[in-house]
Every structure is written in C-alpha cells, then in structure tokens.
Amino acid sequence: MPATDLSLLVEAAQAAAETATRHIGAPLDVRDKPDGQGPVTAADLAVNETLASILQAARPAYGWLSEESAQDPTRGLAPATFIIDPIDGTRNFIEGGEIWAHSLAVCENGAITAAVVYLPLADKLYTAARGHGARLNDAPIAPTGRPGIDGAHVLATRPNLDPAHWPEGVPDVRRAHRPSLAYRLCLVADGSFDAIFTFRDAWEWDVAAGTLIIEEAGATVTDRDGAPLRFNGPTARVGGLVGASHEAAADIARRRGVSAT
Ligand code: IPD
Ligand code: CA
Ligand code: CA
Ligand code: CA
C-alpha cells in the first residue's frame, strides 16, 4: 500500500530527528542569516538534506518550500507542495534546549492537508491530516474551547500564565530563547493554552504544520486581520497569526475591530 502523505511526513520527521541528534555535542558551524532570520547551523542544513532526500524521492511531482533551500519559483504550479522548517527553534537547539522541532506540512491549493511537528528530545509527535483530527503521540487532542478571551491563558511573547500553574509536562517556553513557534501553536491545539497571538508577519514554514494541527484539533487560526491563512504564496509570508477556540478567536477579532471569518 502506498504511504499516505501523513505517514510519509512521520517517517521523514523520525529520520530528521536522527540527523539532528547526531549533531548534538558536535561543532555546529553557526552562521547568521540575513533579514533577521536568525542563525543557521550545520544541523539545520543536514536535516534539510535528510528531509529532501526522503520526501522528494517519494513525491517527485510535489513542489518544495523549505527555510534552508533556495526558493523554487515553479512550486506554485505543482499539484502539492511540501512546506518544511528543518529545525524550528534553532537558537534553542544551539543552547542545548529541547524546545526545537521538525515542522513538516503538505499544502494543496493553498491549504495544509497533512502536518507533523516533532520534538524528539521532548518526545512529542504532533500529527494531523485534514478531516481526520489531530493527535499527540497517537492520542487525540482538543483545545480548551474557552468561550472568550477574558481570563484566558495566552501564549504571546511573554505568556501571562502564573508559573505555579504551568501545565504539567510542557517545557517552559518562557525561559527559552526563541523556542519553536510550531510547538507553541501545538500548545493551543492540545489545550495547554487557550490562545496564541503573533501579530508580526511569519514565514510559512514556521506556521504551516501548526495551523492544520490547531484546526484539526477543533480550533481556529486566522491572520492578524481575521482572514484564513493561505499557503504556498510567492513571498512565503503570512500576516501574523491568531489561534484560539472559535469563540475566543471571534472575541479577539471583535476587540481588535476586525471581522473574523
Ligand atoms: C524561529 C522560531 C522562533 C520565532 C522566530 C522563528 P527558526 O524559527 O520559531 O520561535 O520567534 O520568528 O523565525 O529560525 O528557529 O527556524
Ligand atoms: Ca531561521
Ligand atoms: Ca522557524
Ligand atoms: Ca528553521
């Protein structure tokens, strides 16, 4: 039986984790990227190679959009496109933390159809396929379903949650330097937090997989203006992100004076 896109992404993420963990403790050859994209290491590039060799061999017709690959101007013409962040949370990886992830998605007609966010050191594998729900380590997950934003636990740059009430089993993203954004989206999908905002533009590879995981868990993701996110665009950018339960997202949009869809 041919692998589904989701099982292929899982297989690729596991291979990516082997490559990444082999680099821990070895010289990382850290370089700064232009345009505020942060550092890139030998591990980011090696993981990108691992993912490309597995995914492109399995789906040669698919387009390819990765943080660590040259932009392919023809990807918009492909029947589907991989949207990949080989290591999301590179600064945390460099600092020896565990809040970095392989973020892998398949996009068809601007929407994400399969997604994996895998944190090998934290042992968290988030998966979603459109129409089939979202899972953490194979168990179904759901958001909190909070009806509005009042009193909500929000994951912004500085989460407003009292440290004494930090969710059990969740690495403390406040103490980390730029921890994986893909993982922070998953913390809304699995009900650890009520909502997440990031009003700055984001790269598609930071949010593609997490967007489907939030949606399939049963919550909403929009851009900062309340519009649905569309992927595989020519600039590979999205205009901020708001993720929350449907009612809380509508509440956030109302308070910001935008009309949420
Ligand atoms: C970064 C991380 C970080 C976020 C940055 C991203 P990278 O991704 O997700 O949490 O604040 O905006 O660029 O560079 O580590 O893949
Ligand atoms: Ca980067
Ligand atoms: Ca990233
Ligand atoms: Ca990255």
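Scroll up to find the structure.
Structure report, in brief. Keep in mind that what you see is a predicted model, and the values were worked out from it rather than measured.

Let's shift gears to the coordination of the calcium ion (ligand 2). Reference values for coordination geometry: four tetrahedral donors around a metal ideally subtend 109.5 degrees, six octahedral donors ideally subtend 90 or 180 degrees. Coordination of the calcium ion (ligand 2) by the protein involves Gln37 (O) and Glu67 (OE), with metal-donor separations of 2.2 to 2.5 Å. Between the calcium ion (ligand 2) and the calcium ion (ligand 3) the interatomic distance comes to 5.1 Å. Of the two residues, glutamine 37 is situated in the loop between strand E1 (31-32) and strand E2 (39-40) and glutamate 67 in the loop between strand E3 (63-66) and strand E4 (81-88); the sequence distance between them amounts to 30 residues.

Even without a glycine there, the phi angle at aspartate 29 is positive, about 50 degrees. When you line up the elements, aspartate 29 lands in the loop between helix H1 (5-22) and E1. For aspartate 29, a relative accessible area of 45% puts it in the partly exposed group. In this model, aspartate 123 sits at a positive phi of 55 degrees, which is unusual for a non-glycine residue.

The seven strands are arranged E3-E4-E5-E6-E7-E8-E9 in an open sheet whose pairing can be described as mixed. Each edge of the sheet is formed by a strand with only one pairing partner; in this case those strands are E3 and strand E9 (139-140). With four bridges joining them, E3 and E4 adopt parallel strand pairing. Residue pairing in the sheet places serine 66 in a bridge with isoleucine 84 of E4. Of the strands in this sheet, E3, E4 and strand E5 (101-108) are in contact with helix H2 (residues 42-58), which crosses E4 at around 150 degrees.

Moving on, we get to the coordination of the calcium ion (ligand 3). Of the protein atoms, only Asp85 (OD), Asp88 (OD) and Asp206 (OD) coordinate the calcium ion (ligand 3), at distances of 2.0 to 2.3 Å. Considered as a linear motif, the donors of the calcium ion (ligand 3) on their single chain read D-x2-D-x117-D.

Rules and cut-offs
- Residues numbered from 1 in each chain as written.
- Chains lettered and ligands numbered in written order.
- Predicted model: local features only at pLDDT ≥ 70, side-chain atom pairs only at ≥ 80, totals over all residues.
- Heavy atoms only, no water.
- Donors = N, O, S within 2.8 Å, 3.2 Å for Na, K, Ca; no water.
- Helix = DSSP H or I, 4+ residues; strand = E, 2+ residues; numbered from the N terminus.
- Buried < 20%, exposed > 50% of the residue type's maximum accessible area, 1.4 Å probe, protein only.
- Pairing = 2+ DSSP bridges.
- Contact = heavy atoms within 4.5 Å.
- Axes fitted to C-alpha atoms, helices over the stretch in contact; angles between N-to-C directions.

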